[in-house]
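Each chain, written out:
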2 protein chains.
Amino acid sequence: MNIGVLGAGQLGRMLALAGYPLGNRFTFLDTTGHPSAGIGEVMIDTDQKHLADFLAKVDLVTYEFEHLPVALVQAIEEQTPVYPSSEAIRVCQNRVEEKALFDRLGIPTPAYRVVEHADELEAAARELGCPVVAKSVTEGYDGKGQVVLRDPSEAEAAWRGIGHPRLIVEAFVDFVREVSIIAVRGRDGEVVFYPMAENQHVDGILRYSVAPLPDLDAAVQQTADGYIRALLDELDYVGVLTLELFQTRDGGLLANEMAPRVHNSGHWTQDGAVTSQFENHLRAIQGLPLGDTAARQPTCMVNVIGREGDAAELLALDDAHLHRYDKAERPGRKLAHVNLVAPTHEALLEKVRACAALLPEAPAPRFSFEP
Amino acid sequence: MNIGVLGAGQLGRMLALAGYPLGNRFTFLDTTGHPSAGIGEVMIDTDQKHLADFLAKVDLVTYEFEHLPVALVQAIEEQTPVYPSSEAIRVCQNRVEEKALFDRLGIPTPAYRVVEHADELEAAARELGCPVVAKSVTEGYDGKGQVVLRDPSEAEAAWRGIGHPRLIVEAFVDFVREVSIIAVRGRDGEVVFYPMAENQHVDGILRYSVAPLPDLDAAVQQTADGYIRALLDELDYVGVLTLELFQTRDGGLLANEMAPRVHNSGHWTQDGAVTSQFENHLRAIQGLPLGDTAARQPTCMVNVIGREGDAAELLALDDAHLHRYDKAERPGRKLAHVNLVAPTHEALLEKVRACAALLPEAPAPRFSFEP
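Treat the numbers as computed from the prediction; the structure is a model and nothing was measured.

### Here's the deal with the domain arrangement of chain A
Residue and element names in this part refer to chain A.
Moving on, step 1. The domain architecture assigned to chain A consists of domain 1 (2-82), domain 2 (111-171) and domain 3 (175-358).
Moving on, step 2. Computed over C-alpha atoms, the centres of domain 1 and domain 3 are 23 Å apart.
Moving on, step 3. Opposite the 18 residues of domain 1 that make contact, domain 3 presents 20 residues.
Moving on, step 4. Summed over both partners, the interface of domain 1 with domain 3 buries about 1700 Å², with 66% contributed by carbon and sulfur atoms.
Moving on, step 5. Applying the counting rule to domain 1 against domain 3 returns 1 salt bridge.
Moving on, step 6. Taking the shortest distance from any N to any O, the salt bridge between Arg-261 and Glu-66 comes out at 2.6 Å.
Moving on, step 7. Our count for the domain 1 to domain 3 interface comes out at 5 residue pairs in polar contact (both at pLDDT 80 or more).
Moving on, step 8. Sorting the residues of the side of domain 1 that touches domain 3 by element identifies helix H1 (10-19) and strand S4 (60-63) as the ones contributing at least two each.

Have a look at this one:
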């Protein structure tokens, strides 16, 4: 089966690496002019003239990037199966739609307001209580298009800074940690859930993900499973879905945002779970049985951002698995990740610190479960 | 680093799949006109005119197939590093050289004779005691060019059947099981050893490999480690080397043959070991530190030969990992393998039987350690 992928970055690359062993072939459609997948057939379509050629080659279409024109994906759907569907893209690329879906399904979120003017932003900041986060409704990615307001008086500057006609304003949550749940839904409606990960972001960019969590109450995992299952079923979703959440001091969960794709916070599954998120996404979209999502051992994914460390030093760490994306160094750019596996969380944390010390721009790792 | 691979079959394919995460790119040189790697850049060189182009692209050269003209590999070595070296190829592609090396290093083998005439074959069969195996000195692969003589009178027919000017004749060994040891030597001389595997062949084709072995005395592993270390050091070898052995009733080991490359009996390492043989080969030839060779859990590799099973049925097995080669079905052809992982050997054997039942042409699995 030839699988078409919209987007040609590292997520597509890792999908392909998981899919060759299943006998799949891959064709990527890149609309940026800067593909980095470096594997399979990459079609560059900056002039929007190659879609028909692309569709002629592929049996089904998926994507590694949800900020795609919905009309484009709907047009593809008329000819070729697309998983997840355009409806998932439509909802996920619009924070208002997304929040409305969370509300409708009873998935709690931080308090929020939708504003269409600097004055409304100021009022919302006052009402919710600063600090608040103002985010553009569309095109947000990795912290871009977001501003934190420490005082309502900053509304005018924030409004101009973001430069979008519609913003969502969210109350700050006094969270203990950021977590995510990744689940996979098959074409037949079967759903499997990965153990939740704790994620450490710095400047809006994911730096570390650890799973499974040593101190996670089983009831919390079940709650997250319930939330994401509701989303999957409501959207009649096929493939991997990621839901990022805040865990509050009382153990409760508040949904932050979701991504209709394999996700950076699930990269640990490549070396730490029985079946990786990439393989399970491919199994799902092809109608194959889903694989076991259990963790084999405590695992931490360490992102390599901006500058790469020395591969020899990283590979000298025991049970360290390097995943390079074959991209040029650039500040803030995701270049690789390292999956570290250890028999205990204590040993894992030690290894994470050793790994961070080898990376030129890694922030200090800090996890909520550290002693 | 762009790695050149001589040969473009499934071993090259799996090397590439292990090497992309290390940031490697791959260029294959295929001299058969029938490449199947299906990944990286494949140069078809049936007219021997593309070697210079190939070498201009790559930083170093390795191979997935040792039946290459030694002169060709020597010529490449003058321009580009080749790992393992042409000396390893020279020895491994000639059974007489190979046996002489085993003898020189004190590695025991079954009794053997070299013969250059049907009369000598008959005499050797008489002297060693039938049955004996007669093998062509060169170009043997997967049981081709081999004949079993049940009586010395069959010598004339066997000689004509094989049709080579020089044969090696080996006494049959009353072995308990066929085993293999895989080791990796780095550019700096560091050596790591995988746990030995038990291999079940049918008609000269590998069908099952299990590792680690529940009943293997640590002293036997140490003996095998010593043998393969002697070979690696003697050849100043860089990369993965495989040594196939017979284990006799008294626990002793007799060397059968070696292969200067990643090996089918090491495919279990993809899902059953901390670091796969493919990744460790790439680490070795690039001068990177070698990865941990420990087994995570009991693992069995099941070869898919001739006809493929239904992927959905295979993937419904718990902790089953399918590795397809994207090749057309043909009798006797290696098309894929399935790695099965289980917490105990008992559970593993049950899973292997379930898997075999799903494959159209799988023989009954039978292991020496079965109850």
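### Digging into the sheet that holds strand S2 (residues 25-30) of chain B
All names here are of chain B.
Moving on, step 1. The sheet built from 4 strands is open, its strands ordered S3-S2-S1-S4 with parallel pairing. Every interior strand has two partners, whereas the edge strands, strand S3 (41-44) and strand S4 (60-63), have only one. Pairs of neighbouring strands in the sheet enclose a mean axial angle of 25°, with direction left out of account.
Moving on, step 2. Relative to S3, S2 runs parallel, the two being bridged by 4 bridges.

### Thoughts on the state of the cysteines
Residues and elements named next belong to chain B.
Moving on, step 1. Throughout the structure, instances matching the rule amount to 0 disulfides over all chains.
Moving on, step 2. Free of any disulfide, Cys-300 has its nearest cysteine sulfur in Cys-355, 8.0 Å distant.
Moving on, step 3. Judged by relative accessible area, which is 0%, Cys-300 ranks as buried.

### Digging into the packing of aromatic side chains
Centre distance and the angle of the planes are the two values used to describe a pair of aromatic rings.
Moving on, step 1. Tallied over the entire structure, the rule returns 12 aromatic pairs over all chains.
Moving on, step 2. A centroid spacing of 5.6 Å and a plane angle of 15° characterise the contact between Phe367(A) and Phe369(A), whose relative ring orientation is stacked. Accessibility classification places Phe367(A) together with Phe369(A) in one group, the buried group.
Moving on, step 3. Relative to Phe367(B), the ring of Tyr208(B) lies with its centre 5.9 Å away and its plane at 80°, an arrangement referred to as edge-to-face. Separated by 159 residues along the polypeptide, Tyr208(B) in strand S12 (residues 205-211) and Phe367(B) in the segment after helix H12 (345-358) bring together distant segments of the chain. Accessibility classification places Tyr208(B) together with Phe367(B) in one group, the buried group.
Moving on, step 4. Its end group placed over the ring of Tyr112(A), Lys99(A) keeps NZ or CZ at 5.7 Å from the ring centre.

Cut-off values and rules
Residues numbered from 1 in each chain as written. Chains lettered and ligands numbered in written order. Predicted model: local features only at pLDDT ≥ 70, side-chain atom pairs only at ≥ 80, totals over all residues. Heavy atoms only, no water. Domains from an automatic or database assignment. Contact = heavy atoms within 4.5 Å. Buried area = accessible area lost by both parts, 1.4 Å probe. Salt bridge = Lys/Arg side-chain N within 4 Å of Asp/Glu carboxyl O. Polar contact = N/O pair within 3.5 Å; in protein donor to acceptor, adjacent residues only side chain to side chain. Helix = DSSP H or I, 4+ residues; strand = E, 2+ residues; numbered from the N terminus. Pairing = 2+ DSSP bridges. Axes fitted to C-alpha atoms, helices over the stretch in contact; angles between N-to-C directions. Disulfide = S-S within 2.5 Å. Buried < 20%, exposed > 50% of the residue type's maximum accessible area, 1.4 Å probe, protein only. Phe/Tyr/Trp six-rings, centres within 6.5 Å; stacked < 30°, edge-to-face > 60°. Lys NZ or Arg CZ within 6 Å of the ring centre and 35° of its normal.

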